[in-house]
Amino acid sequence: MKITKKVFKEEMIQRLKEKYAMDISDATPQELFHVLGSVVKTYYADDWVQTWKDYLTEETKQVYYFSIEFLPGKMLKSNLLNLGILDTVRDGLTELGFSLDDIVDQEKDMALGNGGLGRLASCFMDSIASCGLPGNGNGIRYDYGLFKQRFVDGYQVELPDEWLNNGNVWEVRKESKAIDVRFGGDVYMMPLADGRLKPVYENSRLIKAVPYDTAMVGYQNDVVNTLRLWSVEIPASEESKYRSLEDRRELEDLTAVLYPDDSNERGRRIRLLQEYFFVSAGVQSIVRYFKKLNKPLTTMSQSIAIHINDTHPALCVPEMMRILLDECDLSWEQAWEITVKVMSYTNHTIMSEALEKWPIELMQDLLPRMYQIIEEIDRRFVNQYRKYYEADLIERTRIIRNGQVHMANLAIIGSHSTNGVAKLHTDLLKNVVLHDFYVIFPGRFNNKTNGIAERRWLQLSNEPLAKLLDKTIKTSWRQKPNDLHLLQNFVEDDAVLSAIEEAKYKNKVALAQYIKETTDIVVSPNAIFDVQIKRLHAYKRQLLNLLHILKLYFDIKAKPDLQMEPRVFIFGAKAAPSYSYAKAIIKTINETAQLINNDPDVKDRLKIVFLENYNVTLAERIIPAADVSEQISLASKEASGTSNMKLMLNGAVTLATLDGANIEIRDAVGKENIVIFGLTEEEVYAYYHAQNYNALGIYEDSPTIQKVLNAFIDGTIPNIQFEGQEIFDSLIKYNDEFFVLRDFDSYCLAQKRIEELYQDKRRWQQISLINIANAGKFSADHTVERYAEDIWQIEPVFAHKELTR
Ligand code: B1N
C-alpha cells in the first residue's frame, strides 16, 4: 500500500476527531502519539494478517524464541522506518505544525528486560522479521518493567516503571487464544484399563494465561511477525477459590514485575512460577497450532523450532514431554525424540552465580508433574550414558544432584543444539565450563556470535552519520549492512574523514545539551567522550575506569598545569537493587564526580557524568556521541557484549580487554584500530590454577595504586565512609576477585595510547571510519541467518512470495 503525505495527514485529522473530539491543532503530544500509533497500526494490519495466513497455508516452518526478557525500547520510529514511511510521516506532521521527535518522546520505553540478554532478543526479533524469516517471540507481559533509576545524594533509588499507565498502543489482547496453566497441588499416575498411565491432579490451581500480541514489522518486506507476551488472569471457573484479596493478589503478582537481576540468579518462588507460566502457555499454544496442520506429531520438528534463550525457559523440555505424553498419548521414546529435535538452547554466561538451579522441594511443591518428568529424564540419561562414561562424569552432568535441579543440564540434554554467543565464550563452554557435556555431545555445540540491529543503532539513532553514509557510499547499506564495507575505500579521503568528524561533533553537541539539561553539568563537545554503558557488575569493572580517573585527577593535582586532552567520562548503569557492592560503586562514582567536577584546579580537563536511568532510549542518545568505547571486563567473564558492537558501528574507538566479542572486533578492524590491554583469558586461568594472585602485593609495590586506593578510605572522596571501605576491602582484604589491580597499569597505558591517537586527528578519523566500515559483520541479520540455517532449519519467505506475486 502506498501511503502519501496527503492521505496520512487526512487520516490523522479524522482519527483525532473521532478519538478525542477535537481539532488536531488543539491536540497534545500525548494525544498525537496515541492517534499516530493507531494510524501506523492500520498500515501494517493487512500484512500482519497475511503473514499469519501465509505461514498457516504454506505450512511454513517457524521458530518460537522463548525469552523471559525482551527489551524493545520505543517502537514508533522503528515501525515507521521499517514500513518505509518515516520521511512521509515526519514531513506530514511538520506540515500539520508538529515535530515527530516531540511525539516520539511521549512513548514509554518497553523495558521488559535487564540488559544485553533482553536487548539481544529484541534485536533478533527485528532481524528475523527483516530477513523475512518466520519467527515469533514468546515471553511475559510484566505490568512493571525494569525499575526507573534515580540518584538521591549519589545513591541509586529505584522507582516503579509504570509503562502501561497510558495504555500500550502496539499490543493486541487476544482473549480467545488464552491458555490454562496448572501448578501446585499433588499429582499421581492412575493406570488406565489399557495399561497406560494418566496423571490425576489434586488441589492444583488453574490460572489463565492471556496473550498480548505485538507486531514485529520487517524492514520494507511486507513481513510482520509476532511477539507474544503472556499476562496472568484468574479464570472464571476458579473465581470461587480466591476468597480473600491476598489470595488473588498472590496470583496476579505472577506477571507483575520483572526480576531486576542481570547475570545473577536468586531462586525465588515467583520466579520459578513465572518461568513455568510463559513456557507452559507458549508450548501449549504451539502444539494447539501444530494440530491445526493435521500432520503426525512425529513430524513436529519439520514445522516447529523452539529456542530456549538462556535457561529461564528450560522447562520447555519437560512441558513439551508432558503434553506429548499426557495429552497426546505418545510413548516416552516418541515424545523424547520429538522434543530434542524441536528444542535448541543458547548459553549467555559462564558466571557460576548465574547458572540456574532450583531446590528439588520447591520444584516438587510448585510443579509436581514437571518434577516427575525431569526425574525420569534424569534417570534415563544416567542409564543410557553410564555404559560409556566414567561415573564421575555422569554424576557431574546429570540434571538432579545435590538436592537441586540444574537447568543448564536440562536444556543441554533436552535439545539438539547448545550455542555460545561469541567465539571465546563458546570455546570456554566446550573446553571448561561445559566440557563434560562436550565429551558426550560434541555435535551439539556451536557458536553464534551476537549481533545488533543496525536499523535501530545507526539508521534511527544516528541521522548525521546515516546521511553521510548515503552521500558517500549510496544507500545499499540500509538493506545490506555488509555494504558498510564500501566506506573502507574512503580511508584516505580527507573530505569524508572530516565529514565523519563533523557528524560526531554534531552528536556530541546534542549529548552535551542533554547532559546540561538533566544534570546541570557543562561539558565541552571538544573533549574526548569516553563512554562505559552497561549494567553495573563487578566483573565489568566500572571500578577500573574509576581508578584511572582518580589517577588522572591526582596527576593534575600534583602538576596543576599538566597538559592533557580534556575528557568527559560518561557512565550509564543500573545496579540490581539487592547488589550492595554495585550500589557502593555507583555512590562512589557519583561522589568522585562531585569532587572532580567542582574542583577549580581541574579546569575542565576532567568531567564525570553519570547519567540516570540508563535504558534503550538513553543508549540511543549516548552511542552516536561516543569517542571511546570502554569494554574492560576481566577476560573470560563477558560472554559477548553488544554495546561494544553498537559503539563501533557509530565510530567510537574500542578500548578493550580480549574478552567476549571484543576479540572478534579486533579481528575485524585490525589490531592497529583498537586499543587492547590487560590479562588474556589464559593468563586469568593460569592465576586460577596456580592460586597465586596477590592483590596486596600489587598494592604494596605501587605508590600510584596506594594513592588511588587510599582515596576511598581517607576522606579524599567525600561522603563514602562505608562504601569506600567496602570497595577497598574487596580489593585488598578479599584479594580482588576480578584482577582490577593486576590490569591497572596496563589500562593506564592503554588510556595514554587513546590520548595519543586522539591527538593525531587524521589517524583518529581513520580509525573511526574503519570501525564503521567493518561493523556490518556484527549485524544481527547475519546472526539470525546463521541460527536459521544451522539450528532452526527455517527459510526466508521471500523466495515463495516472489513466485506468487
Ligand atoms: O547476555 C548478553 C551478552 O552479550 C552478555 O555478555 C551477557 O552478560 C548477557 C540471568 C542474564 N548473560 N546472562 C544474562 C540476564 C538475566 C538473568 O536473570 C542471566 N545476561 C547475559 C547477550 O548474549
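Conventions used here
- Residues numbered from 1 in each chain as written.
- Predicted model: local features only at pLDDT ≥ 70, side-chain atom pairs only at ≥ 80, totals over all residues.
- Heavy atoms only, no water.
- 1 Å grid on protein atoms, 1.4 Å probe; cavity = no way out; pocket = protein on both sides within 12 Å on 5 of 7 lines; lining within 4 Å.
- Points joined across faces, edges and corners; volume = space filled by probe spheres on them.
- Helix = DSSP H or I, 4+ residues; strand = E, 2+ residues; numbered from the N terminus.
- Nonpolar A, V, L, I, M, F, W, Y, C, P; charged D, E, K, R; others polar.
- Axes fitted to C-alpha atoms, helices over the stretch in contact; angles between N-to-C directions.
- Parallel < 35°, antiparallel > 145°, perpendicular 65-115°, else oblique.
- Contact = heavy atoms within 4.5 Å.
- Domains from an automatic or database assignment.
- Buried area = accessible area lost by both parts, 1.4 Å probe.
- Salt bridge = Lys/Arg side-chain N within 4 Å of Asp/Glu carboxyl O.
- Polar contact = N/O pair within 3.5 Å; in protein donor to acceptor, adjacent residues only side chain to side chain.
- Patch = residues over 30% accessible without salt bridge, like charges linked within 9 Å, V, L, I, M, F, W, Y side chains within 5 Å.
- Areas by Shrake-Rupley, 256 points an atom, 1.4 Å probe, with all protein chains shown as cover.
- Pairing = 2+ DSSP bridges.
- Buried < 20%, exposed > 50% of the residue type's maximum accessible area, 1.4 Å probe, protein only.
- Right-handed = clockwise from strand over helix to strand, strands pointing away.
- Expected span 1.5 Å × (residues − 1).
- Near = heavy atom within 4 Å.

### Focus on the layout of surface pockets
Counted as a void, the second largest pocket has a volume near 740 Å³. If you go around the second largest pocket, you meet 27 residues; those closest to its centre are Lys 77, Asp 101, Ser 461, Glu 620 and Arg 621. Breaking the lining of the second largest pocket down by element, the ones donating at least two residues are helix H3 (76-83), helix H5 (100-104), helix H17 (454-460), helix H18 (463-473), helix H19 (494-519) and helix H22 (616-622). With 7 residues, H19 is the single largest residue contributor to the lining of the second largest pocket.

### Some details on empty space enclosed by the protein
One pass over the full model with this rule turns up 10 cavities of 30 Å³ or more. Estimates place the volume of the largest cavity at around 170 Å³. When residues of the lining of the largest cavity are traced back to their parent elements, those giving at least two are H3, helix H6 (116-130) and strand E11 (205-217). Broken down by element, the residue count for the lining of the largest cavity peaks at 4 residues, all from H6. Taken together, the residues of the lining of the largest cavity sort by class into 6 nonpolar, 4 polar and 3 charged. Its boundaries defined by the atoms lining it, the second largest cavity holds a volume of some 150 Å³.

### Considering the packing of helix H20 (residues 542-558) against helix H27 (residues 703-710)
Between H20 and H27, the least distance of the axes is 9 Å, while the angle of their chain directions is 100°. Accordingly, the angle class assigned to the pair H20 and H27 is roughly perpendicular. Side by side, H20 and H27 meet where Leu 547, Leu 550, Lys 551 and Phe 554 of the first sit next to Thr 704, Lys 707, Val 708 and Leu 709 of the second. In the contact of H20 with H27, the residues fall into 5 nonpolar, 1 polar and 2 charged.

### Focus on the domain arrangement of the chain
Partitioning the chain into structural domains gives domain 1 (58-74 + 109-450 + 786-804) and domain 2 (505-774). Distance between the C-alpha centres of domain 1 and domain 2: 36 Å. Listed as interface residues are 39 residues of domain 1 and, on the opposing side, 39 residues of domain 2. Between domain 1 and domain 2 the total buried area reaches about 3100 Å² when both faces are included, carbon and sulfur atoms providing 57% of it. The salt bridge involving Glu 612 is made with Arg 150; its shortest N-O contact spans 3.5 Å. Where domain 1 packs against domain 2, one counts 16 residue pairs in polar contact (both at pLDDT 80 or more). Breaking the side of domain 1 that touches domain 2 down by element, the ones donating at least two residues are strand E2 (70-73), H6, strand E5 (145-152), strand E6 (155-161) and helix H15 (423-433).

### With respect to a nonpolar patch on the surface
A contiguous nonpolar patch, built from Val 152, Val 157 and Leu 159 and spanning about 200 Å² of accessible area, is present on the exposed surface. Mapping Val 157 onto the fold places it in strand E6.

### With respect to the sheet that holds strand E16 (residues 400-401)
With antiparallel pairing, the 3 strands of this open sheet are ordered in space as E15-E17-E16. Two strands close off the open sheet at either side, each with one partner strand: strand E15 (357-359) and E16. Pairing analysis gives 2 bridges linking E16 to strand E17 (residues 404-406), with the strands arranged antiparallel. For Ile 400, the partnering residue across the bridge sits in E17 and is Val 405.

### Here we look at the pairing of strand E21 (residues 567-572)
A large share of E21 lies buried, amounting to 6 of its 6 residues. Bridge count between strand E20 (residues 528-533) and E21: 6 bridges; the pairing is parallel. Within E21, the residue paired with Val 531 across the bridge is Ile 570. Handedness of the crossover is the feature at issue here: the chain leaves E20, passes through H20, returns alongside E21, and the resulting connection is right-handed. The sheet contact formed by E21 and strand E22 (residues 606-611) spans 6 bridges and is parallel.

### Overview of helix H30 (residues 761-773)
Between its first and last C-alpha atoms H30 spans 18 Å; for 13 residues at 1.5 Å apiece the expected length is 18 Å, and the two agree. Counting buried positions over the 13 residues of H30 gives 10, a clear majority of the element. Taken together, the buried positions of H30 are occupied by Trp 764, Gln 765, Gln 766, Ile 767, Ser 768, Leu 769, Ile 770, Asn 771, Ile 772 and Ala 773.

### Structural notes on the site of the ligand
In the region of the ligand, 20 residues are neighbours, and His 348, Asn 450, Glu 638, Ser 640 and Gly 641 sit closest. Contact distances for the ligand include 3.2 Å between an oxygen atom and a side-chain N or O atom of Arg 271. With respect to the ligand, the side chain of Glu 638 contributes an N or O atom lying 2.6 Å from an oxygen atom. Look at the ligand: alone it shows 500 Å² of surface, and the protein chains cover 98% of it. In terms of residue count, the dominant contributor to the shell around the ligand is H6 (3 residues). A per-class count over the shell around the ligand returns 5 nonpolar, 9 polar and 6 charged. Each of domain 1 (58-74 + 109-450 + 786-804) and domain 2 (505-774) contributes no fewer than three residues to the shell around the ligand.

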